[in-house]
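Summary of the model geometry
Read off the chains here:
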Amino acid sequence: MPLSFQPSPNIARLKESATLAVAAKARALKAQGIPVIDLGAGEPDFDTPAFIRRAAAAAVEAGATRYTNTEGILPLREAIAADANRIEGQSVPVTPAEVVVSNGSKQSLYNACVCCFGPGDEVLIPTPAWTSYFEMVDLARAVAVPVVGDPANSLKVTAAMLAAAATPRTRGLMLNSPSNPTGAVYSREELASILTLAADRGWWVIADEIYRRIAYEGGALSALEIAPTRDNLIVINGVAKAYAMTGWRIGWSIAPPAVSKAMTAFQGHTTSNAAAVSQHAALAALVEREQADAAVSHMVQSFRQRRDAVLAALAPFPSVRHVHPQGAFYLYVNVEGFRGAHDPGAAFAAAVLDEHQVAIVPGNAFGTPGWIRASYATTESIAVEGLTRVARCLTA
Ligand SMILES: Cc1ncc(COP(=O)(O)O)c(C=O)c1O
């Protein structure tokens, strides 16, 4: 008799990515020849810079085709430490022993959750938050506790809000600045009070800084330069967003050596090292400073131009409320009350796709059903046309 699949308790609660339904519908419309404006993307629309592609090709020819250390090649870990040490304000420099390279920052985030949290532990998640945080915490058998931010302050949370949501079982929190999905950036004071609270309470802080270099108004700060101690801090970053390298799958963590050791052991039994060739590509992105900085500046400049264009396109629709994006490449728009729907974000996503051929992501994916996320990681004219249709649909 064929074995019928019953999901194990490990994944019984795992939700499919909420973006899939919209993406599948958008694909179906495209297949029928209907032109869809896709504002669902979570990745830069640029190619990986040529100097990085060339470095990868050269590395393959030079033999970067075998297993490496699970934690990554030493030159890359040294380059990551050196890159972190370019951030001012740290009293103790980051060392390669604190760095573990992984198959994308997503893996580093998951490794950190598995290593620091366990059954019954509660993890505070400033919400809206990137969809995978909730699932990763759950897969670690811990309990994700959403703490919804203040709409009057770009949906950010404060230390007081986190303290109010804490219980004796709280073990840590996830931080993400600039934020996916809102583009909000935490100020020095906001970060300092949250990091001080976490240090006082002995909570782990997992700081996801994957969008840190994509910031428009004075730059986004790293927890590394503000935290009163690094003893409870795990900083996650990678090359995907800043260097347009999503497909190369390289991320990393900077964590106390004991945590790094545990994360390496866990990764050693799951995926081992990240692809050798990708590690060499990431190395080029980090050490070829002049070329890398020029490429990043060019991309950030383009994102900023599109952000400004999109905000200008929304100006004639003053009733359309949104978070002012200071980083990343997303616009988070309030759709509360849309056609009286129970899940306004999902209803709006369906309507704007059916009636205006625009694909966006409903806010329930990020823990706030009254909102939707539109990405402007596309050409300026497409982003402007798409957001204009969003505004029209919302105000019709
Ligand atoms: C907030 C956030 N963290 C992490 C990731 C994962 O990035 P990576 O490609 O490095 O795994 C994403 C990707 O969308 C993201 O938005």
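Right above here is the structure, for reference.
If you're wondering where the values come from, they're calculated on a predicted model, not measured in any experiment. (Residues numbered from 1 in each chain as written. Predicted model: local features only at pLDDT ≥ 70, side-chain atom pairs only at ≥ 80, totals over all residues. Heavy atoms only, no water.)

1. As for the pairing of strand E5 (residues 170-176)
Of all seven residues that make up E5, six are buried, and the element is covered over most of its length. Bridging between strand E3 (residues 122-127) and E5 involves three bridges; their strand directions are parallel. Residue pairing across strands places Leu124 opposite Leu173, the latter belonging to E5. Relative to strand E6 (residues 204-208), E5 runs parallel, the two sharing five bridges. Among the inter-strand pairings, Gly172 is bridged to a residue of E6, identified as Trp204. Tracing the backbone out of E5, into helix H7 (residues 188-201) and back to the parallel element E6 gives a crossover that is right-handed. (Buried < 20%, exposed > 50% of the residue type's maximum accessible area, 1.4 Å probe, protein only. Helix = DSSP H or I, 4+ residues; strand = E, 2+ residues; numbered from the N terminus. Pairing = 2+ DSSP bridges. Right-handed = clockwise from strand over helix to strand, strands pointing away.)

2. Some remarks on the pattern of salt bridges
Summed over the entire model, instances satisfying the criterion amount to 21 salt bridges. The partner of Arg169 in a salt bridge is Glu122, and the shortest N-O contact between them spans 3.1 Å. Taken as a pair, Arg169 in the loop between helix H6 (159-165) and E5 and Glu122 in strand E3 lie far apart in primary sequence, 47 residues in all. Classification of Arg169 by relative accessible area gives partly exposed; the value is 47%. (Salt bridge = Lys/Arg side-chain N within 4 Å of Asp/Glu carboxyl O.)

3. Some words on the packing of helix H2 (residues 50-61) against helix H9 (residues 276-287)
Following both chains from N to C, one finds H2 and H9 inclined at 140°, their axes separated by 8 Å at the closest point. By the angle between their directions, the pair H2 and H9 is classed as oblique. The chirality of how H2 crosses H9 is right-handed. Contacts between H2 and H9 involve Phe51, Ile52, Ala55, Ala56, Ala59 and Val60 on the former and, on the latter, Val277, His280, Ala281, Ala284 and Ala285. For the contact of H2 with H9, a count of residues per class yields ten nonpolar, one polar and no charged. (Axes fitted to C-alpha atoms, helices over the stretch in contact; angles between N-to-C directions. Parallel < 35°, antiparallel > 145°, perpendicular 65-115°, else oblique. Left-handed = near helix turned anticlockwise from the far one by under 90°. Contact = heavy atoms within 4.5 Å. Nonpolar A, V, L, I, M, F, W, Y, C, P; charged D, E, K, R; others polar.)

4. Regarding the site of the ligand
Around the ligand, a shell composed of 14 residues is seen, among which Ser105, Asn180, Asp208, Lys241 and Arg249 lie nearest. One of the side-chain N or O atoms of Ser105 is found 2.7 Å from an oxygen atom in the ligand. Side-chain polar atom of Asp208 to a nitrogen atom of the ligand: 2.6 Å apart, as the coordinates give it. For the ligand, whose unbound accessible area comes to 400 Å², protein coverage reaches 92%. (Near = heavy atom within 4 Å. Polar contact = N/O pair within 3.5 Å; in protein donor to acceptor, adjacent residues only side chain to side chain. Areas by Shrake-Rupley, 256 points an atom, 1.4 Å probe, with all protein chains shown as cover.)

5. Description of H9
Taking 1.5 Å per residue as the helical rise, H9 with its twelve residues ought to reach 16 Å, and the 17 Å between its terminal C-alpha atoms agrees with that figure. Buried residues dominate H9, accounting for nine of its twelve residues. Looking only at H9, the buried set comprises Ala276, Ser278, Gln279, Ala281, Ala282, Leu283, Ala284, Ala285 and Leu286. Those residues of H9 that are buried are in contact with H2, helix H3 (74-85), strand E2 (99-102), strand E8 (251-254) and helix H10 (289-314). (Expected span 1.5 Å × (residues − 1).)

6. Points about unusual backbone geometry
The step from Thr127 to Pro128 runs through a cis peptide bond, and the omega angle for that step is 10°. Mapping Pro128 onto the fold places it in the loop between E3 and helix H5 (131-139). Between Ser177 and the following residue, Pro178, the backbone shows a cis peptide bond with an omega angle of -10°. Along the polypeptide, Pro178 turns up in the loop between E5 and H7. Not every positive phi belongs to a glycine, and Arg141 is a case in point at roughly 65°. With respect to the helices, strands and loops of the structure, Arg141 is situated in the loop between H5 and strand E4 (143-148). Classification of Arg141 by relative accessible area gives exposed; the value is 55%. A positive phi angle is found at Ser272, which is not glycine, with a value near 60°. Inspection of the secondary structure assignment puts Ser272 in the loop between helix H8 (257-270) and H9.

7. Some words on the layout of surface pockets
Taken as a whole, the largest pocket holds about 1,200 Å³ of empty space. Together, 49 residues line the largest pocket, and Ser17, Lys106, Trp130, Thr131 and Ser132 are the ones closest to its centre. Sorting the residues of the lining of the largest pocket by element identifies helix H1 (19-31), helix H4 (105-116) and H5 as the ones contributing at least two each. Considering each element in turn, the lining of the largest pocket owes the most residues, seven residues, to H5. Looking at side-chain class alone, the lining of the largest pocket contains 23 nonpolar, 14 polar and twelve charged residues. A domain-level breakdown of the lining of the largest pocket finds at least three residues from each of domain 1 (19-47 + 292-395) and domain 2 (63-288). Roughly 460 Å³ of volume is contained in the second largest pocket. Forming the walls of the second largest pocket are 25 residues, and the residues nearest its centre are Asp83, Arg86, Ile87, Arg212 and Arg213. Mapped onto the lining of the second largest pocket, the elements with two or more residues apiece are H3, strand E7 (233-238) and E8. Split by residue class, the lining of the second largest pocket holds 14 nonpolar, four polar and seven charged. (1 Å grid on protein atoms, 1.4 Å probe; cavity = no way out; pocket = protein on both sides within 12 Å on 5 of 7 lines; lining within 4 Å. Points joined across faces, edges and corners; volume = space filled by probe spheres on them. Domains from an automatic or database assignment.)

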